[in-house]
Amino acid sequence: MPPTIKGIYDPSEFETRKEKIDVLLREQGWLANDRSKVILEVDTKQSNFRTQNYKMVSETLSNELETKFADYLLLDGKGDIPDVIERYKKRREESSTDRKGKCFFVPYNEIKENGYDLSISKYREIEYEKVEYEKPEVILTKIDELEDQIKANVAELRRLLEQAQ
């Protein structure tokens, strides 16, 4: 029987990660076992985020330096998060409410009202630019011109091959 507190199921940290956090991350496109994008149990005090030299809990627990841990470190395609770290360090000095930027602050109550959904799309403002497309007739004419050029190039290649033989 699972551990209970006053009859309420109390999952372990491992169960919470596997049954809740990992599931939510997967729904947002993050795979917890993809080490190029998700790193588990990172020591945020002893890691060098600029050089992407991340220290794991297992590496730093035994040394005497100050430690602080994050259960999950989510990386973008380049593994680049220094701007977010710097802005977090200065969070008391700034209160960025521009939701069009790469990172911004969201009040706790708003996150709570959204059921603790941390999807950036829930909070980011997206400006859509109107895109003007050419008329289909113009596009088809350009395709025809490109096809004619390709045919001419292929004919030239065939002629050169025949001369080489």
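1. Looking at the pairing of strand E4 (residues 53-56)
Item 1. With 3 bridges joining them, strand E3 (residues 38-48) and E4 adopt antiparallel strand pairing. Residue pairing in the sheet places Val 42 in a bridge with Met 56 of E4.

2. So, the sheet that holds E3
Item 1. Strand order in the open sheet made by the 3 strands is E4-E3-E5, with antiparallel pairing throughout. Across the chains shown, the open sheet's two edge strands, defined by having one partner strand only, are E4 and strand E5 (69-74). If you compare each strand with its neighbour and ignore which way they point, the axes differ by 70° on average.
Item 2. Sitting on the sheet, helix H1 (residues 13-27) is in contact with E3 and E5, with an inclination near 25° to E5.

3. Points about a negative patch on the surface
Item 1. Taken together, the side chains of Asp 144, Glu 145, Glu 147 and Asp 148 define an acidic patch exposed on the protein surface.
Item 2. Examined against the element boundaries, Glu 147 turns out to sit in helix H6 (residues 136-164).

4. Observations regarding the side chain of Asp 22
Item 1. By the element assignment, Asp 22 lies in helix H1.
Item 2. Polar side-chain contacts of Asp 22 include one of 3.2 Å to the side chain of Lys 18.
Item 3. Sequence-distant contacts of Asp 22, defined by excluding residues within four places in its chain, comprise Arg 17, Ala 32 and Tyr 72.

5. Points about the pattern of salt bridges
Item 1. Scanning all chains against the criterion turns up 6 salt bridges.
Item 2. Residue Arg 99 is joined to Glu 110 by a salt bridge in which the shortest nitrogen-to-oxygen separation is 2.7 Å. Of this pair, Arg 99 sits in the loop between helix H3 (82-89) and helix H4 (108-113) while Glu 110 sits in helix H4, and the two are 11 residues apart along the sequence.
Item 3. Judged by relative accessible area, which is 14%, Arg 99 ranks as buried.
Item 4. For Glu 110, a relative accessible area of 24% gives the class partly exposed.

6. Some points on the side chain of Arg 99
Item 1. Side-chain polar atoms of Arg 99 contact the side chain of Glu 110, separated by 2.7 Å.
Item 2. Residues in contact with Arg 99, not counting those within four places in the same chain, are Phe 104, Phe 105, Val 106, Pro 107, Glu 110, Tyr 123, Arg 124 and Glu 125.

7. A short note on unusual backbone geometry
Item 1. Even without being glycine, Tyr 116 reaches a positive phi, approximately 60°.
Item 2. By secondary structure assignment, the location of Tyr 116 is in the loop between H4 and helix H5 (120-123).

Cut-offs applied
- Residues numbered from 1 in each chain as written.
- Predicted model: local features only at pLDDT ≥ 70, side-chain atom pairs only at ≥ 80, totals over all residues.
- Heavy atoms only, no water.
- Pairing = 2+ DSSP bridges.
- Helix = DSSP H or I, 4+ residues; strand = E, 2+ residues; numbered from the N terminus.
- Axes fitted to C-alpha atoms, helices over the stretch in contact; angles between N-to-C directions.
- Contact = heavy atoms within 4.5 Å.
- Patch = residues over 30% accessible without salt bridge, like charges linked within 9 Å, V, L, I, M, F, W, Y side chains within 5 Å.
- Areas by Shrake-Rupley, 256 points an atom, 1.4 Å probe, with all protein chains shown as cover.
- Salt bridge = Lys/Arg side-chain N within 4 Å of Asp/Glu carboxyl O.
- Lys, Arg positive; Asp, Glu negative; His and termini not counted.
- Charge placed at Lys NZ, Arg CZ, Asp CG, Glu CD.
- Polar contact = N/O pair within 3.5 Å; in protein donor to acceptor, adjacent residues only side chain to side chain.
- Buried < 20%, exposed > 50% of the residue type's maximum accessible area, 1.4 Å probe, protein only.

In short, the description is geometric, and any link to function would need to be established separately.
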